[in-house]
Amino acid sequence: MQKIPATVVTGFLGAGKTTLIRHMLENANGKRIALIINEFGDLGVDGDILKGCGDETCTEDDIMELSNGCICCTVADDFIPTMQKLLARENLPDHIVIETSGLALPQPLIRAFNWPEISTKVTVDGVITVVDGKAVSEGRFAHNVAAVDAQRKLDENLDHETPLSELFEDQIACADMIVVNKSDLLGDTETDALVATLKADSRDGVQVVRTSMGKLPVDVLLGQGIGAEDDLDARHEVHHLHHDHDDDHHHDDHHHEHSHDEFQSFVVTRGEITDPKAFAEQVANVIRTHDILRLKGFAAVEGKPMRLTLQAVGPRVDTYFDRPFGSTARETRLVVIGQAGLDHATIEAALQA
Ligand SMILES: Nc1nc2c(ncn2[C@@H]2O[C@H](COP(=O)(O)OP(=O)(O)OP(=O)(O)O)[C@@H](O)[C@H]2O)c(=O)[nH]1
């Protein structure tokens, strides 16, 4: 039996993973794709957005949500059983796409493909790392990789790593393809510079492509044929490969201690809002004041039957009406994600005001 190819889509919170996958599903050319998605935070926003695409090659049944926390930490409890369920189906998909949470390390997930029950039936076609081009070139959440390198060379005793930049670097180190997304928010020069930096900082042969709204042809994304589970060793920290004289012990450590305690998420609910534009500004202010990384959800707008989808990455807030509420309660539900120490009560009050 031929193994089913599985593509892992990783990338930091809000980089554009869901957007890219949605575009892929809408342009799948008849390829039957099963999706496994994993969100940090418990609102199921991504699942809702993807189900909303209503493409016949990917029905609601083809979308499986992992809900017990971050995929890389619950591989045995959640991911493996889900894969087994999927593989037990009569109608097997042509391709499996797995969207990891924005806080996941891809390496433990890839390792899971070597489990006996999985390895005979599925192979990792490739790892796609989606990058928020705008955020990275502004150094907003992740250090510029080259800058971190330079700093480390200057002073080996200094720890310049943050949980954010470590995650980012691991996601880059694991990539077979790096998608520099949100190029619409960047100038050509900035995009070129970022592409060059990422090329230099990734393994040999890794493709770096630029796009906006994840609009890449399905044939570019799927069918890489890499077999990533067989070359896990190459996917460790980039710094190991290029600067192995550096403080190795420090880098070895963090692969084994991936703690989500460093991050926090909670849901805020409120009644209807009156003015989408004013509310978006209110949300942007809360994000700025409290250094929130990611905020997303749905709002009920007075007098409107449609649900307003609200998406913020850093202080940039996007809104659009997506579909009628139908039988679900007309309320506003937002998931807030940030580094540990968010002032839950104050943020909640500010969003409810
Ligand atoms: N301007 C711009 N906005 C984008 C682009 N790609 C995605 N976005 C927006 O960025 C926000 C986050 O996109 P998602 O696709 O949900 O990102 P994600 O990586 O799935 O987010 P998480 O699942 O929360 O980690 C949404 O508001 C998107 O519409 C892009 O290329 N340009």
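The rules behind these values
- Residues numbered from 1 in each chain as written.
- Predicted model: local features only at pLDDT ≥ 70, side-chain atom pairs only at ≥ 80, totals over all residues.
- Heavy atoms only, no water.
- UniProt positions renumbered as here; feature names shortened; annotations may be inferred.
- Near = heavy atom within 4 Å.
- Polar contact = N/O pair within 3.5 Å; in protein donor to acceptor, adjacent residues only side chain to side chain.
- Areas by Shrake-Rupley, 256 points an atom, 1.4 Å probe, with all protein chains shown as cover.
- Helix = DSSP H or I, 4+ residues; strand = E, 2+ residues; numbered from the N terminus.
- Nonpolar A, V, L, I, M, F, W, Y, C, P; charged D, E, K, R; others polar.
- Domains from an automatic or database assignment.
- Buried < 20%, exposed > 50% of the residue type's maximum accessible area, 1.4 Å probe, protein only.
- Contact = heavy atoms within 4.5 Å.
- Buried area = accessible area lost by both parts, 1.4 Å probe.
- Salt bridge = Lys/Arg side-chain N within 4 Å of Asp/Glu carboxyl O.
- Axes fitted to C-alpha atoms, helices over the stretch in contact; angles between N-to-C directions.
- Parallel < 35°, antiparallel > 145°, perpendicular 65-115°, else oblique.
- Left-handed = near helix turned anticlockwise from the far one by under 90°.
- Pairing = 2+ DSSP bridges.
- Phe/Tyr/Trp six-rings, centres within 6.5 Å; stacked < 30°, edge-to-face > 60°.

The protein appears in an unreviewed UniProt entry as Cobalamin biosynthesis protein CobW from Litoreibacter ascidiaceicola. UniProt, in its Catalytic activity (unreviewed entry) section for the protein, records the words "GTP + H2O = GDP + phosphate + H(+)". Its UniProt record gives the protein a comment under Function (unreviewed entry), which states: "Zinc chaperone that directly transfers zinc cofactor to target proteins, thereby activating them. Zinc is transferred from the CXCC motif in the GTPase domain to the zinc binding site in target proteins in a process requiring GTP hydrolysis."

Neighbouring residues of the ligand: 22 residues in total, closest Thr18, Thr19, Met213, Arg294 and Lys296. In the model, an oxygen atom of the ligand is placed 2.6 Å from a nitrogen or oxygen of the Thr18 side chain. Between the ligand and Thr19, the relevant distance is 2.5 Å, taken from an oxygen atom to a side-chain nitrogen or oxygen of the residue. Expressed as a share of its isolated accessible area of 660 Å², the protein-covered part of the ligand is 94%. Listing elements by their share of the shell around the ligand, those giving two or more residues are helix H1 (17–26), strand E9 (294–300), strand E10 (306–313) and strand E11 (316–324). Taken together, the residues of the shell around the ligand sort by class into 6 nonpolar, 7 polar and 9 charged. Residue-level mapping places the shell around the ligand at the junction of two domains, with at least three residues from each of domain 1 (4–222) and domain 2 (263–352).

Turning to unusual backbone geometry, a few remarks are in order. Unlike most non-glycine residues, Met213 shows phi in positive territory, near 50 degrees. At Asp291, a residue that is not glycine, the phi angle is positive and equals roughly 55 degrees. Within the secondary structure, Asp291 is located in the loop between helix H13 (276–290) and E9. Take Asp291: its relative accessible area is 63%, and that puts it in the exposed class.

Looking now at the domain arrangement of the protein. According to the domain assignment, the protein consists of domain 1 (4–222) and domain 2 (263–352). Facing the 22 residues of domain 1 at the interface are 23 residues of domain 2. Buried area between domain 1 and domain 2, both sides added, is near 1700 Å², and the carbon and sulfur share of it is 69%. Applying the counting rule to domain 1 against domain 2 returns 0 salt bridges. Across the domain 1-domain 2 interface, the total number found is 0 residue pairs in polar contact (both at pLDDT 80 or more). Those elements giving two or more residues to the side of domain 1 that touches domain 2 turn out to be helix H2 (45–51) and helix H8 (163–173). A per-element tally of the side of domain 1 that touches domain 2 places H2 first, with 4 residues.

Moving on, we get to the packing of H13 against helix H14 (residues 344–352). Two elements in contact, H13 and H14, have axes separated by 9 Å at closest approach and are oriented at 165 degrees. Taken together, the axis directions place H13 and H14 in an arrangement best described as roughly antiparallel. Classified by chirality, the crossing of H14 by H13 is right-handed. Along the contact surface, H13 presents Phe279, Gln282, Val283, Val286 and His290, while H14 presents Thr346, Ile347, Ala350 and Leu351.

Where burial is concerned, most of E10 is hidden: 7 out of the 8 residues are buried. Where E9 and E10 come together, 7 bridges link them in antiparallel fashion. Bridge pairing links Gly297 to Leu310 in E10. From the end of E9 to the start of E10, which pair antiparallel, there are 5 residues, and Gly303 there has a positive phi angle of about 80 degrees. As paired elements, E10 and E11 share 8 bridges and run antiparallel to each other. Residue Ala312 lies in a different strand from E11, and its bridge partner there is Val317. Where E10 hands over to E11, the hairpin turn is made up of 2 residues, of which Gly314 adopts a positive phi near 60 degrees.

This part is about the environment of Gly126. With respect to the helices, strands and loops of the structure, Gly126 is situated in strand E5 (residues 122–132). Residues Gly126 and Asp343 lie 217 residues apart in sequence; the distance between their C-alpha atoms is 39 Å. If we skip the residues at most four places from it in the chain, Gly126 touches Ala6, Thr7, Val8, Asp176, Gln224 and Ile226.

Moving on, we come to the packing of aromatic side chains. Under the definition given, this model contains 1 aromatic pair. Taken together, a centroid distance of 5.7 Å and an interplanar angle of 55 degrees make the contact between Phe79 and Phe113 tilted. With Phe79 in helix H3 (residues 75–87) and Phe113 in the loop between helix H4 (106–112) and helix H5 (116–119), this pair connects stretches of sequence that are 34 residues apart. The exposure classification of Phe79 matches that of Phe113, with both residues buried.

So, about the side chain of Ser101. If you trace the backbone, Ser101 turns up in the loop between strand E4 (95–99) and H4. A relative accessible area of 2% means that Ser101 is categorised as buried. Contact partners of Ser101, with chain neighbours within four places excluded, come to Gly11, Lys17, Asn38, Glu39, Phe40 and Cys70.

Let us now look at the pattern of salt bridges. Tallied over the entire structure, the rule returns 13 salt bridges. Residues Asp176 and Arg203 are paired through a salt bridge, measuring 3.3 Å at the closest nitrogen-oxygen approach. You can see Asp176 sitting in the loop between H8 and strand E6 (177–181) and its partner Arg203 sitting in the loop between helix H9 (188–201) and strand E7 (207–210), a full 27 residues away along the chain. Of the two residues, Asp176 and Arg203, neither departs from the other in class, the shared state being buried. The partner of Arg330 in a salt bridge is Glu272, and the shortest N-O contact between them spans 2.8 Å. One end of the pair, Arg330, is in the loop between E11 and strand E12 (332–339); the other, Glu272, is in the loop between strand E8 (263–270) and H13, and 58 residues separate them in sequence. Accessibility expressed as a relative area gives 34% for Arg330, which makes it partly exposed. The network of salt bridges with shared partners includes Asp176, Arg203, Asp231 and Arg235.

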